[in-house]
Amino acid sequence: MSDEGSNPTISALFSEDRKFPPPPEFAAQANCDESIYEEAKDRDAFWTKQAERVAWRKRWDQVLDWSDAPFAKWFTGATLNITESCLDQHVAERGDKVAYHWEGDGGETRTLTYQELHEEVCKAANALAALGVTKGDRVAIYMGMVPELPVAMLACARLGAVHGVVFGGFSSDSLRDRINDAEAKMLITCDGSYRAGSVVPLKEMADVSLAETPSIEKVLVVRRTGSDVNMVEGRDVWWHDVVSGQSSEHEAVEMDAEDMLFILYTSGTTAKPKGIVHTTGGYAVGTATTHYYVFDLKPDDVYWCTADIGWVTGHSYIVYGPLINGATSVMFEGVPQHPDKDRFWDIVEKYKVSILYTAPTAIRTFVKWGDEYPGKHDLSSLRLLGTVGEPINPEAWMWYHRVIGGERCPIVDTWWQTETGMILIAPLPGVTATKPSSATLPLPGVAADIFDDAGNSVPFGGGGYLTLTEPWPAMLRTLYKEPDRFKEVYWSRFSKPDENKWVYFAGDGAKRDEEGYLWLLGRVDDVMNISGHRISTLEVESALVDHPAVAEAAVVGRADDRTGQAIAAFCTLKGTAVGDENLIKEIRDHVADKIGKIARPASIVFTPELPKTRSGKIMRRLLKDISEKRQLGDVTTLANEGVVSELSDLASQAKAAEDD
Ligand code: WTA
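Computed from a prediction, not measured in an experiment: that's the story for all the values here. (Residues numbered from 1 in each chain as written. Predicted model: local features only at pLDDT ≥ 70, side-chain atom pairs only at ≥ 80, totals over all residues. Heavy atoms only, no water.)

Trainee: Lay out the domain arrangement of the protein chain in plain terms, naming residues and giving numbers.
Mentor: By the assigned domains, the protein chain splits into domain 1 (33–344 + 411–447) and domain 2 (547–656). Placing the centre of domain 1 and that of domain 2 at their C-alpha centroids yields a distance of 37 Å. Between domain 1 and domain 2, the residue contacts involve seven residues of the former and seven residues of the latter. Summing both partners gives a buried area of about 440 Å² for domain 1 against domain 2, and 49% of it is carried by carbon and sulfur. (Domains from an automatic or database assignment. Contact = heavy atoms within 4.5 Å. Buried area = accessible area lost by both parts, 1.4 Å probe.)

In structure tokens form, the structure reads like this:
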């Protein structure tokens, strides 16, 4: 929550009245029709039916046990191994179907059929078992976008080990903290990964972390770049040495539906990331069901989600959802601008991609680059487009619709979170009319509402806080080792435990129009959204004050045309430190080292003082106004008024850094 203590209910700000009904040809072949909303009103019956997508070993006694709310149990008593849903259930009938078309950064390709993926996963599971991994162990994974990444995740799942993927763009410190929090027994990494032709030295970065991770017993290293790496005798082993010779058969370990599948860390409002815990059965049902309906998946589709598997979007919609549904996916290692700015469209043409799921920040970049890049390619294979990660502005939506979708493809703007595990708010293509910039309506089986400050539901036409008023199968179960924080962060704001009424507070502001359509307005807490990635202001502030020259720091996310938000930092310096260009560079690099490049401030302003309330709290909202060059809001609580005009001058002179 903001420092000033008050949280004015978010007002409904803009109006956008364009509306796109589903194209009739699309509607005629869609995977569902309107009746699904009605059908899903019986929540438990709906999820019972959808659970058929999953291969169970033993059926459940109860669909949902909510008696210990907010700790949910879905499909109680059921057992399964999720990799049997992803792999074994397809092998007999569709073994030759392509699971992944992998495209490397430099244009090399690999194809993995379901049969081959099954074999690779079994071999890797046998290798992990031989290295001592057993059910319940945590395994950290720090890799680039190579096929061995989903193989490693599935191998863990096959053994009942919990995977904790750490995005390859995170720093050594971030990796170390996550390994230590999870007390991971093994790390799986690569010698390096490729990014726009250059090598990211993952093993070298991991080595720094490994100096301070006592729980790690073994490090398994995939050779990708052939770079020289330091292998520690007895601890570090090559993937190709230990995996290749293994048997391609492996009996999957039987898991309870509520056994932990993975931990994924995400930024909250404190400096310590939250370990989001997902379990097996409900997550499988939720991701597969939403992947099927939201993307209108057909057996012949070529589906491409451009996310990195290091984020939840990759977990749910590159790995688990698509594999359970037996989909053919494209998996891409590289970046949109390499070797040229038409790389995405080249890939769409090459693989005849029919469903494309990407991020608004990418779309805004494409708009800036110009129509000529998509114009060079045949994009007629596309039939459905999706977005995720942040609100998409109407201009970018219209461009996506017109230039990429040729005005024939429905766009699904999908709202969800690491915590929700699955898409919760999105149109059903062929059913729901879309409005540019609105994620439209809660999916069947999902209940969302907008609350005001006092916890009352806001009537249609108003704005407030987005909440979820019913549990859903892929919901997070807790925060790893922090059940109290789990209750506090998500369930304390609007729940009424005395009345047994549990309301999940998402942390997003939203507006609901007269037709009940939801328009997401961004975070209402101290979490920023940079290119669709969540970064906490406090995490960046901690990294800033960790620099020897910085005394105090405040960080805000200011609006940015390309990245959605950009990090604007304000620092006071210690003693004799000189706030010049060199120091700015040094501090930015320091933050990149501490957290990762994505957290580097776009601008840093040095100031003799930060604006504070009389109780000494930094007024971030004021800094946001200053950064966005707005009229300043209420300054009556400000203790040191003089600082404001000075800061405005300094901020207007600050140059934003150009990042790659
Ligand atoms: C934001 C990513 C508007 C939102 C799957 C949410 C969105 C946070 C949308 C979760 C969308 C995600 N429209 N905002 N379609 N999708 N967000 O955990 O603020 O990385 O709370 O999960 O991204 O980010 P996370």
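Trainee: Provide a residue-level description of the site of the ligand, including the pertinent values.
Mentor: Surveying the vicinity of the ligand reveals 17 residues, the closest of which are D413, T414, T418, D508 and R534. A distance of 3.1 Å separates a nitrogen atom of the ligand from a polar atom in the backbone of G389. Between the ligand and D413, the relevant distance is 2.7 Å, taken from a nitrogen atom to a side-chain nitrogen or oxygen of the residue. When isolated, the ligand has an accessible area of 520 Å², and the protein chains bury 96% of it. Breaking the shell around the ligand down by element, the ones donating at least two residues are α11 (312–324), β21 (411–414) and β26 (518–523). Considered class by class, the residues forming the shell around the ligand number six nonpolar, six polar and five charged. (Near = heavy atom within 4 Å. Polar contact = N/O pair within 3.5 Å; in protein donor to acceptor, adjacent residues only side chain to side chain. Areas by Shrake-Rupley, 256 points an atom, 1.4 Å probe, with all protein chains shown as cover. Helix = DSSP H or I, 4+ residues; strand = E, 2+ residues; numbered from the N terminus. Nonpolar A, V, L, I, M, F, W, Y, C, P; charged D, E, K, R; others polar.)

Trainee: Break down the packing of aromatic side chains for me, with residues and values.
Mentor: Counted under the stated rule, the structure contains 35 aromatic pairs. Within the aromatic cluster, the residues linked to one another by ring pairs are W66, F71, W472, F486, Y490, W491 and Y504. The ring centre of Y292 lies 4.3 Å from the NZ or CZ of R53, which sits over that ring. Positioned above the aromatic ring of F170, the side-chain terminus of R178 is 4.6 Å from the ring centre. (Phe/Tyr/Trp six-rings, centres within 6.5 Å; stacked < 30°, edge-to-face > 60°. Lys NZ or Arg CZ within 6 Å of the ring centre and 35° of its normal.)

Trainee: Provide a residue-level description of the pattern of salt bridges, including the pertinent values.
Mentor: Enumeration over the complete set of coordinates arrives at 48 salt bridges. Among the ionic pairs, K594 bridges to D173, the shortest N-O distance being 2.8 Å. Taken together, the residues K594 in helix α18 (residues 581–594) and D173 in helix α7 (residues 172–182) connect sequence positions 421 residues apart. Between E183 and K481 there is a salt bridge whose closest N-O contact spans 3.2 Å. Highlighted residues: E183 in the loop between α7 and β9 (186–190) and K481 in the loop between β24 (478–479) and α16 (483–491), separated in sequence by 298 residues. (Salt bridge = Lys/Arg side-chain N within 4 Å of Asp/Glu carboxyl O.)

Trainee: Describe the sheet that holds strand β19 (residues 355–358), with residues and values.
Mentor: Read across the open sheet, the seven strands follow the order β6-β5-β18-β17-β19-β20-β21; overall the sheet is mixed. Two strands bound the open sheet, and with one partner strand each, they are β6 (109–113) and β21. On average, adjacent strands in this sheet sit at an angle of 20 degrees to one another, irrespective of strand direction. Where strand β5 (residues 98–103) meets β6, five bridges bridge the pair, whose relative direction is antiparallel. Paired with Y100 across the two strands is L112, which belongs to β6. Relative to β6, helix α5 (residues 114–130) is tilted by about 90 degrees, and along the sheet it contacts β5 and β6. (Pairing = 2+ DSSP bridges. Axes fitted to C-alpha atoms, helices over the stretch in contact; angles between N-to-C directions.)

Trainee: Provide a residue-level description of helix α8 (residues 202–210), including the pertinent values.
Mentor: For α8, the set of buried residues is L202, K203, A206, S209 and L210. Here the buried residues of α8 occupy an arc of 110 degrees about the axis, which is enough to place them on one side. (Buried < 20%, exposed > 50% of the residue type's maximum accessible area, 1.4 Å probe, protein only. Arc of directions from axis to C-beta.)

Trainee: Describe the packing of helix α19 (residues 620–627) against helix α20 (residues 642–653), naming the residues involved and giving the relevant values.
Mentor: Any two packed helices are characterised by the angle at which their axes cross and by the distance between the axes. The geometry of α19 relative to α20 is characterised by a closest axis approach of 9 Å and an angle of 45 degrees between their N-to-C directions. Considered as vectors, α19 and α20 are oriented oblique to each other. Taken as a pair, α19 and α20 cross one another with a handedness that is right-handed. Judged by residue contacts, L622, L623 and I626 of α19 engage V644, L647, S648 and A651 from α20. A per-class count over the contact of α19 with α20 returns six nonpolar, one polar and no charged. (Parallel < 35°, antiparallel > 145°, perpendicular 65-115°, else oblique. Left-handed = near helix turned anticlockwise from the far one by under 90°.)

Trainee: Tell me about the confidence of the model for the protein chain, and name the residues and values.
Mentor: Caution applies to low-pLDDT regions: their predicted coordinates should not be interpreted in detail. When pLDDT is averaged along the protein chain, the result is 94; 96% of the residues meet or exceed 70. Ranking the elements of the protein chain by mean pLDDT puts α20 last, at 79, and helix α6 (residues 148–159) first, at 99. (pLDDT = per-residue confidence, 0-100.)

Trainee: Please provide a residue-by-residue account of the sheet that holds strand β4 (residues 79–80), values included.
Mentor: Ordered by their spatial adjacency, three strands build an open sheet running β1-β4-β14, and the pairing between neighbours is antiparallel. For this open sheet the edge positions go to β1 (56–58) and β14 (255–256), each flanked by a neighbour on one side alone. One ladder, built from two bridges, connects β1 with β4; its direction is antiparallel. In the sheet register, K58 faces β4, and the bridge partner there is T79.

Trainee: Could you give an account of the pairing of strand β31 (residues 603–606), with specific residues and numbers?
Mentor: Side chains S603 and V605 project from β31 onto one buried face, and the interleaved I604 and F606 project onto a second face that is buried too. Note that strand β30 (residues 564–573) and β31 share four bridges and pair parallel. Bridge pairing links A568 to S603 in β31.

Trainee: Please provide a residue-by-residue account of α6, values included.
Mentor: Compared with the 16 Å implied by 1.5 Å per residue over twelve residues, the 16 Å span of α6 between its first and last C-alpha is a close match. Of all twelve residues in α6, twelve are buried, a share of seventy percent or more. Of the positions making up α6, those classed as buried are E148, L149, P150, V151, A152, M153, L154, A155, C156, A157, R158 and L159. After α6 finishes, the residue G160 shows a positive phi value of roughly 80 degrees. (Expected span 1.5 Å × (residues − 1).)

Trainee: Give a detailed account of the environment of A30, specifying residues and quantitative values.
Mentor: Note on placement: A30 falls in the loop between α1 (24–29) and α2 (35–39). Sequence-wise, A30 and V431 are 401 residues apart; in three dimensions their C-alpha atoms are separated by 7.8 Å. Sequence-distant contacts of A30, defined by excluding residues within four places in its chain, comprise D296, K298, P429 and G430.

Trainee: Quick rundown of the packing of helix α13 (residues 360–369) against helix α15 (residues 394–404)? Include the residues and the values.
Mentor: Following both chains from N to C, one finds α13 and α15 inclined at 75 degrees, their axes separated by 10 Å at the closest point. Between α13 and α15, the angle is such that the two are roughly perpendicular. The residues of α15 that touch α13, namely those facing I363, R364, F366 and V367, are A396, W399 and Y400. Across the contact of α13 with α15, the residue classes break down as six nonpolar, no polar and one charged.

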